[in-house]
Amino acid sequence: QYYGKHMTVTGTLTFATEPEHRKTVLLEDCDVTITSSDDQYNDSQSSEQTTRSDDSNDQVGKIVRVHLNEAAGSGAYLNIRSGPGYEYGVVTKIKTGSSVTLLDQQNGWSYVDYGRGKGWCSTIVAGFQNDLSVVNNTIYVSTVSSSQGYNSDHEATAAVDGSLVTCWTGEGGTGGEGSWIRLDFDGEEAVSGIKLMNGNCVDGPSGSTKHSRPYRNNGRVKEFTLQFSDGSQLSYTAKDVYENGYGANIFIFDHPIFTDSVTLYVDSGYVGEMYGSNVCISEIDAF
């Protein structure tokens, strides 16, 4: 008889997603809406029982990674609704661990851009890791391919082997113009951006001590275009910065892009002092 009723509760609240799964939560003067049993359990194993008004807005405007809060229990998916309330219908479900852009938070609800649309989720259910955590969540690359490389020691696999001692070297026009490298994933992923370790970042001759000579002697990516499996593209300019033995560039998209591959096309390069027609990438990660 309490379904749909709004009340203020202090103490404990026990609820169940199913009769055999009971969970008790300590509440401190929280506003609670008792929702229908249809909201308490669904095929995705996500639960949405309560709302709260103590939002934290420091992540608004950032790409974040979704997880379920402890109060929500465990689950593989999160409900996205058409409005900020349980009375609004579920428009889709997204996987926990997905990247979203957090657009707004109000009255216990978060408005997110999940790549294929926008919607609302309960902040008592959904938590968010900041963009640094997103950058560190590297997407697994199943295969990698490229245009003609310099030789067998500098093939495309060298750009995804986790080592700065190796690098992919593409041959093209001045500064490696026209070279490309493609990352393929195990199915569709929500990609939030790329991390580019630009240039030949080997730590000196034979990987010994820090040394900028290999970096300067070889070409580095300057202007480039990213192409995704649906044909959409984004263009960026990389900075030519050599710090602590490598040139790191991080590019975060405006919103996550669903794709099963990312191809980087070199539009122009920073020309190497010794080798004028190549371009080097020590590592490239999608996250």
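Here's what I pulled together on the structure shown here. (Residues numbered from 1 in each chain as written. Predicted model: local features only at pLDDT ≥ 70, side-chain atom pairs only at ≥ 80, totals over all residues. Heavy atoms only, no water.)

## A short note on the pattern of salt bridges
The final tally for this structure, using the stated rule, is three salt bridges. Between D184 and R182 there is a salt bridge; the shortest N-O distance is 2.9 Å. Judged by its relative accessible area of 16%, D184 is buried. The exposure class assigned to R182 is partly exposed, which follows from its relative accessible area of 31%. Ionic pairing is found between R220 and D240, a salt bridge with its closest N-O pair at 2.8 Å. Within this pair, whereas R220 is found in strand β13 (residues 220-228), its partner D240 is found in the loop between β14 (233-237) and β15 (247-270), the two being separated by 20 residues in sequence. (Salt bridge = Lys/Arg side-chain N within 4 Å of Asp/Glu carboxyl O. Buried < 20%, exposed > 50% of the residue type's maximum accessible area, 1.4 Å probe, protein only. Helix = DSSP H or I, 4+ residues; strand = E, 2+ residues; numbered from the N terminus.)

## Let's talk about the packing of aromatic side chains
All chains considered together, the criterion is met by seven aromatic pairs. Taking the centre distance of 6.4 Å and the plane angle of 20° together, the rings of Y236 and F253 count as stacked. Taken as a pair, Y236 in strand β14 and F253 in strand β15 lie far apart in primary sequence, 17 residues in all. A residue is classified by how much of its surface remains accessible, and F253, at 3% relative accessible area, is buried. In this structure an aromatic cluster arises from ring pairing among F224, F228, Y236, F251 and F253. (Phe/Tyr/Trp six-rings, centres within 6.5 Å; stacked < 30°, edge-to-face > 60°.)

## Some words on the side chain of T263
Here T263 is to be found in strand β15. Classification of T263 as buried rests on a relative accessible area of 6%. Each residue touching T263, except ones within four places of it in the same chain, is listed here: W180, I181, R182, T225, L226 and Q227. (Contact = heavy atoms within 4.5 Å.)

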